[in-house]
Amino acid sequence: MAEKNSVLIDGQVVPLNGEKSILELTRKIGIELPTFCYHSELSLYGACRMCVVEIEGRGIMASCSTPPVPGMKILTNSPRVQRVRRTVLELLLANHDRECTTCDRNGTCKLQDLANRFGVKKIRFGERDLKLPLDTSSPSLVRDPNKCILCGDCVRMCSEVQGIGVLDFNGRGSSAQVTPAFNKDLAEVDCVNCGQCSAVCPTGAIVVKDETDRAWAAINNPEKLVVVQVAPAVRVALGEEFGLPAGELVTGKVVAALKRLGFDKVFDTSLAADLTVIEETNEFIDRLQKGERLPQFTSCCPGWVKYAEHNEAEYLKHLSSCRSPQQMFGSLVKKHWATELGKKPEDIFVVSIMPCTAKKYEAGLPQFTTDGVPDVDLVLTTQELARMIREAGLLFDQLEVESFDTPFGFTTGAGVIFGATGGVAEAVLRAAHELVTGEPIEQVNFTEVRGFDHRKEATVEIAGQEIKVAVVHGLANAKALLKELKEGKVHYDIIEVMACPGGCIGGAGQPISTSPETKKERAKGIYNADKLSQIRKAQDNPVVTKFYERWLEKPNSHAAHEALHTAYVNRSRINGEQIQLLTSKQKEQVDVAVCVGTCCYLKGSYDTLNKFMQQAEAAKVTDKINLYATFCLEGCEQSPAVKVNNQIINGVTPDQAEKVFKEKVLSKLE
Amino acid sequence: MKQELLKTTPEEEQSSTYQRKFEKVNEVINRLGRSRSALIPILQEVQEEYRYLPEEILTYIATALDLSPASVFGVATFYAQFSLEPKGKYVIKICDGTACHVRGSDPVREALLKRFNLEGKKRTTDDLRFTVETVSCLGACGLAPVVLINDKIYGQMTPEAINLIIDEIMKEDAEDE
Ligand code: SF4
Ligand code: SF4
Ligand code: FES
């Protein structure tokens, strides 16, 4: 009988097929219930009460967290449901900074959208007068607590999908807030600037930092040659901002739009990605032959790099030393191309159009600035480019396509697939065998590493040797993989990590979309572009070959290292915290810091610290030592790390403690 | 690097106190275990030791329990029993439940704030000797207005009476040292 395994929704018999919630069921029959705190990729929270339905005999329930039970009679739009929904909205709005016209999310805000959809015309509750300060510390994001509706989406995104937990609720009742630890600013904690929190935030409480004004200023500065590079993932997403379907390849229109906006030269980051493939593959082959620093991790995602710098000090030397394509591009333009043009680096203004918020942070890193001139001057996200196009009044869908300028305009399919998770790994696989043996390979498609599974693996043969590849996206997946790696449960030779779920196509700078389908369509667009490319392998890119001849000699040469590689530093999780244990009052004194950050703590640094204290007491020098526990020494190589005056000593395990204390500390006091 | 030191009372500036407290933190973590469910009991014991929860110690506990500092901060700010500000050696809680309020708890509070020079939001004296707080109903309404100083209850308080008690405490405290 149909009724046995079905429910009644608004009088309609709906069969059950293992749906976990009433919400899932209503979506299947074409009813879009409003939600704030429900996201299919996050855990259930059930706190916003926006998704309520009326169930006979049970009253008003949250549909996202109520499983359907056979025989249930559900109403999705009864007068009671309507009343509750409106009240929820009114309460949220009463507490919300309603400066919609000047909000970055004006037009893409869910709160605004739902208030409109449910006809909230009047707010019966008083406005709150307290205005909290904005957090503008991050190079990538702006946090405005006055717009937060406490849905917790960002909290769960950062802890569940990114495995970090930068944000959490604090306080309670009317003073509850969502903030980083100790109300610190984002720039003071271990936020990796991935922006995924802003991508799920229904309101303008966390937004991408808007820097379009700086772009206009550069364009209007006659003294500057303004060049722009476009990342692969942008070309399959920008169309969404102008009513085109997700995944539609709009490369030619993007180029046309940028030229119309006034950029002098429009270039393709994918070309720099081809270069990355060559450098990174050669680096990998070298490590493979020497049997050192394996697995090699990719390094083109600044979110992942920063995560590793905060949490995986011991694996930093495993990261490829390659700069990301964005930075390789900037470096070539400012160091080599400028010279050829007879220009000074500061006469060229390099803008990047990126799907990514972390790229803003990356461009500002000190290692990518020479004599005060950054390699990349400004990073705009896909969202910001759309804003500029709208401001200029360009009808995007009607633009005639144009092609990239030379010399940074020709790319292969390998450089384009960088935009999707698995792309870097696949591009390297297309190159590795050939670069080792010199024989071309037939295979260009490595479909095992494509798609959205949390971890993808492949085993390939390179010159007779079996190579194990792993691909992860979303930092929680990277964290899980690293854990297994440390426990010796898995073995890989090369690992691709992208911080954002889906890779760059799912970057937080992309047009806002909460549907998982969008990312799938964008990925399809990327692989289509690859298929349509005349050349599929990075090593066949004639422009890249020319760059080596003109500027870089050969892969991994000294010149290539100067322009295309970098180094990493470890970073503490929270700035400036330490625990003082001994304070010296004597003139003659030694500073001793023992790291109790995660890695060192797990390796027993607390016992090392304990032994130091005992030794200090035994030698009666407690008044001559400044001893403290810190959360990162920023420069260690092996845990547990200790710093005596300015010297870092690595690997001071508890059984080494006595010896190190005598040799390094006591000796200075004699 | 910016140095954020633990705030301590003058006589605690000896290193041994820092050391003893930190050893206690580790002892508590080892004894109660490193699971998430141990967090609240750990915070309770650590607060007893420091009389508040210093940021760097919370970060340390987060590291030991493999939690994010933000989530530990969340727990520490959720429960009223935890304080992230240093508290005085003597914590004076003035009951402001209905009975106490009606029988004049306000003047008692005012007298204390005036005596300790506590203005605005400030609730702890600079020498970290006294903290003045209000609580709702201590359950001793028969003695209203009631004041709790550390573990000791004082009933039928007046501004004069509380001042005498404070005099007494200050005298004892000075003798202790
Ligand atoms: S940007 Fe990424 S790491 Fe930073 S708070 Fe948001 S989700 Fe977490
Ligand atoms: S910042 Fe945004 S996502 Fe986070 S709790 Fe507030 S409204 Fe929700
Ligand atoms: S969406 Fe169901 S309670 Fe928030």
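Conventions adopted
- Residues numbered from 1 in each chain as written.
- Chains lettered and ligands numbered in written order.
- Predicted model: local features only at pLDDT ≥ 70, side-chain atom pairs only at ≥ 80, totals over all residues.
- Heavy atoms only, no water.
- Helix = DSSP H or I, 4+ residues; strand = E, 2+ residues; numbered from the N terminus.
- Buried < 20%, exposed > 50% of the residue type's maximum accessible area, 1.4 Å probe, protein only.
- Contact = heavy atoms within 4.5 Å.
- Areas by Shrake-Rupley, 256 points an atom, 1.4 Å probe, with all protein chains shown as cover.
- Lys, Arg positive; Asp, Glu negative; His and termini not counted.
- Charge placed at Lys NZ, Arg CZ, Asp CG, Glu CD.
- Rg over C-alpha atoms; globule rule 2.2 N^0.38 Å.
- pLDDT = per-residue confidence, 0-100.
- Near = heavy atom within 4 Å.
- Nonpolar A, V, L, I, M, F, W, Y, C, P; charged D, E, K, R; others polar.
- Pairing = 2+ DSSP bridges.
- Axes fitted to C-alpha atoms, helices over the stretch in contact; angles between N-to-C directions.
- Polar contact = N/O pair within 3.5 Å; in protein donor to acceptor, adjacent residues only side chain to side chain.
- Buried area = accessible area lost by both parts, 1.4 Å probe.
- Salt bridge = Lys/Arg side-chain N within 4 Å of Asp/Glu carboxyl O.
- Parallel < 35°, antiparallel > 145°, perpendicular 65-115°, else oblique.

**A closer look at the overall build of chain B**
Helix and strand content of chain B: seven helices and four strands. Overall, chain B shows an N-to-C arrangement of helices and strands of α-α-α-α-β-α-α-β-β-β-α. When burial is assessed residue by residue, chain B has 47% of its 177 residues classed as buried. At a minimum sequence separation of 6, the contacts of chain B that also span at least 24 residues come to 65%. Of the roughly 9,000 Å² that chain B leaves accessible, carbon and sulfur atoms contribute 49%. Considering chain B, the positive charge centre built from 22 side chains and the negative charge centre built from 29 side chains are found 3 Å apart.

**Thoughts on the overall build of chain A**
Helix and strand counts for chain A come out as 21 helices and 24 strands. Radius of gyration (C-alpha) of chain A: 27 Å, near the 26 Å computed for a compact globule of 670 residues. With the C-alpha coordinates of chain A rotated into their principal frame, the extents come out at 85 × 65 × 55 Å. In chain A, which comprises 670 residues, the share counted as buried stands at 60%.

**Notes on the confidence of the model for chain B**
Residue and element names in this part refer to chain B. The predicted model of chain B averages 87 in pLDDT, with 91% of residues at 70 or higher. Of all the helices and strands in chain B, helix H1 (residues 15-32) carries the lowest mean pLDDT, 87, while helix H4 (residues 69-78) carries the highest, 96. In the model, residues 1-12 has pLDDT below 50 throughout and makes 33 contacts with residues more than four positions away in sequence or in other chains. Predicted complex metrics record ipTM = 0.89 and pTM = 0.90.

**Some points on the site of ligand 1**
In the region of ligand 1, the neighbouring residues are Leu141(A), Cys158(A), Ile164(A), Val166(A), Leu167(A), Cys191(A), Val192(A), Asn193(A), Cys194(A), Gly195(A) and Cys197(A). The residue inventory of the shell around ligand 1, partitioned by class, reads nine nonpolar, two polar and no charged.

**A closer look at unusual backbone geometry**
Omega for the bond connecting Ser639(A) with Pro640(A) falls within 30 degrees of zero, at -15°, which places this linkage in the cis form. Assignment of secondary structure puts Pro640(A) in the loop between strand S22 (625-630) and strand S23 (642-644). Note that the residue after Ala144(B), namely Pro145(B), is joined by a cis bond; omega there is -10°. Secondary-structure assignment places Pro145(B) in the loop between strand S2 (130-135) and strand S3 (147-149). With a phi angle near 55°, Asn183(A) is a residue other than glycine that sits in the positive phi range. We classify Asn183(A) as partly exposed; its relative accessible area is 43%. In this model, Asn150(B) sits at a positive phi of 50°, which is unusual for a non-glycine residue.

**Notes on the sheet that holds S23(A)**
All names here are of chain A. Spatial strand order, S20-S22-S21-S23-S24: five strands in an open sheet with mixed pairing. Across the chains shown, the open sheet's two edge strands, defined by having one partner strand only, are strand S20 (578-582) and strand S24 (647-649). Across this sheet, the average inter-strand angle for adjacent strands is 20°, counted without regard to direction. Pairing of S23 with S24, which is carried by three bridges, proceeds in the antiparallel orientation. When the bridges of S24 are listed, Lys643 appears paired with Ile648. Contacting strand S21 (590-595), S22, S23 and S24, helix H21 (residues 654-669) runs over the sheet at an angle of about 155° to S21.

**Section: the side chain of Ser321(A)**
If you trace the backbone, Ser321(A) turns up in the loop between helix H9 (302-311) and helix H10 (325-341). Looking at Ser321(A), its side chain comes within polar contact range of the side chain of His565(A), at 2.7 Å.

**A look at the interface of chain B and chain A**
In this assembly, 33 residues from chain B lie in contact with 37 residues from chain A. Between chain B and chain A the total buried area reaches about 3,200 Å² when both faces are included, carbon and sulfur atoms providing 59% of it. The three residues of chain B that bury the most area against chain A are Gln19(B), Thr63(B) and Phe73(B), which together make up 18% of that side's buried surface. Our count for the contact surface shared by chain B and chain A stands at one salt bridge. As a salt-bridge pair, Glu55(B) and Lys184(A) come within 3.4 Å of each other at their nearest N and O atoms.

**A word on the packing of helix H8 (residues 269-290) of chain A against H10(A)**
Angle between the axes and distance between the axes: these two values describe a pair of packed helices. Residue and element names in this part refer to chain A. Taken N-terminus to C-terminus, the directions of H8 and H10 make an angle of 105°; their axes are 8 Å apart at the nearest point. In terms of orientation, H8 lies roughly perpendicular with respect to H10. In this structure, H8 contributes Thr269, Ala272, Ala273, Leu275, Thr276 and Glu279 to the contact, and H10 contributes Pro325, Gln326, Met328, Phe329 and Leu332. Among the residues making up the contact of H8 with H10, the classes are represented as seven nonpolar, three polar and one charged.

**Concerning the site of ligand 2**
In the vicinity of ligand 2, 13 residues are found, and the nearest of them are Cys148(A), Cys151(A), Gly152(A), Cys154(A) and Cys201(A). Residue composition of the shell around ligand 2, by class: ten nonpolar, two polar and one charged.

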